[in-house]
Amino acid sequence: MNHDPSLDSVSTLAHELGHAYHNRQLGDLPPLQRETPMTLAETASIFCETIIQNAALQTAQGQERLYVLETQLMGHAQVIVDIHSRFLFEQAVFERRAGGDLNPSDLNDLMLWAQRETYGDALGTLHPYMWAVKPHYYGRSFYNYPYTFGLLFGLGLYAQYEQARAAGQEADFQARYDALLAATGQATPLELAARFGIDLHAPAFWEGSLNVIRRQIEAYEGVSGQ
Ligand SMILES: [Zn+2]
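Note that the structure is predicted; figures quoted are calculated from it, not measured. (Residues numbered from 1 in each chain as written. Predicted model: local features only at pLDDT ≥ 70, side-chain atom pairs only at ≥ 80, totals over all residues. Heavy atoms only, no water.)

Engineer: Quick rundown of the coordination of the zinc ion? Include the residues and the values.
Structural biologist: Distances from the zinc ion to its protein donors, His15 (NE2), His19 (NE2) and Glu42 (OE), fall within 2.0 to 2.1 Å. One chain supplies every donor to the zinc ion, and in sequence these donors are spaced H-x3-H-x22-E. Note that His19 is positioned in helix 1 (residues 7-26) and Glu42 in the loop between helix 1 and helix 2 (43-59), a separation of 23 residues in sequence. (Donors = N, O, S within 2.8 Å, 3.2 Å for Na, K, Ca; no water. Helix = DSSP H or I, 4+ residues; strand = E, 2+ residues; numbered from the N terminus.)

Here it is as structure tokens:
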């Protein structure tokens, strides 16, 4: 990975180590049981990022606190907001492609449309070539929204981790967490989440995760207003 002395790079390192940790849990299983659906592929990576960022936030004061919160929020803006535009784009490409070939200028038009749909007038400059920039469009279809799913699911899991830690049950959480990662090739996300008491069909669960981000925005506004 690329690395520079920033929290963003350290977060990316934590992210990739999360993938390594997930693979470690799957490592002893037969190959057919290691296949993880893309919705769960970013669970451990985002969980790890959250641990590192929240640890940094615990000791950061003043300007440094602002920097940590900004790093967190820039990441979340990408995962929640920008990935929505990528989802709209990819969906539109598949729909249009059923009717015939698409050339680069068609793709540019669709990308600009998707960005306007997502950002409204909040972005001064749109980027028509995002479809060429992001490798996530190539390989597996729709490999963008797993990041949104992973972030919101990971934040929900993280909330449970904090509760367990406060109750002195960290070891119990870790055992269940490891079991969840080891089972990602053997049960649906719905079933695995249910083992943690999480109903993925309940809007309240997703709202709860979004509320974590809303509180980070409030904290950022609180520090930047000082
Ligand atoms: Zn990842």
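Don't stop here, the text continues.
Engineer: Explain helix 1 residue by residue, including any values.
Structural biologist: The end-to-end C-alpha distance of helix 1 is 29 Å, a good match for the 28 Å that 20 residues give at a rise of 1.5 Å each. Considered for burial, the residues of helix 1 that qualify are Leu7, Ser9, Ser11, Ala14, His15, Gly18, His19, His22 and Leu26. The inward-facing, buried residues of helix 1 contact helix 2, helix 3 (62-97), helix 6 (145-166) and helix 7 (170-182). (Expected span 1.5 Å × (residues − 1). Buried < 20%, exposed > 50% of the residue type's maximum accessible area, 1.4 Å probe, protein only. Contact = heavy atoms within 4.5 Å.)

Engineer: Any chance you could break down the confidence of the model for the chain for me, citing the residues and the numbers?
Structural biologist: Should the pLDDT be low somewhere, the predicted coordinates at that spot are not to be read in detail. Averaged over all residues, the pLDDT of the chain equals 92, while 100% of them reach at least 70. Mean pLDDT in the chain bottoms out at helix 6, which sits at 88, and peaks at helix 4 (residues 104-119), which reaches 97. (pLDDT = per-residue confidence, 0-100.)

Engineer: Give a detailed account of the packing of helix 6 against helix 9 (residues 203-224), specifying residues and quantitative values.
Structural biologist: Direction vectors running N to C along helix 6 and helix 9 enclose 90 degrees, while the axes themselves pass 9 Å from each other. It follows from the interaxial angle that helix 6 and helix 9 lie roughly perpendicular. From helix 6, Phe149, Leu151, Leu152, Phe153, Leu155 and Gly156 reach across to helix 9, where they touch Phe205, Trp206, Ser209, Leu210, Val212 and Ile213. When its residues are assigned to classes, the contact of helix 6 with helix 9 shows ten nonpolar, two polar and no charged. (Axes fitted to C-alpha atoms, helices over the stretch in contact; angles between N-to-C directions. Parallel < 35°, antiparallel > 145°, perpendicular 65-115°, else oblique. Nonpolar A, V, L, I, M, F, W, Y, C, P; charged D, E, K, R; others polar.)

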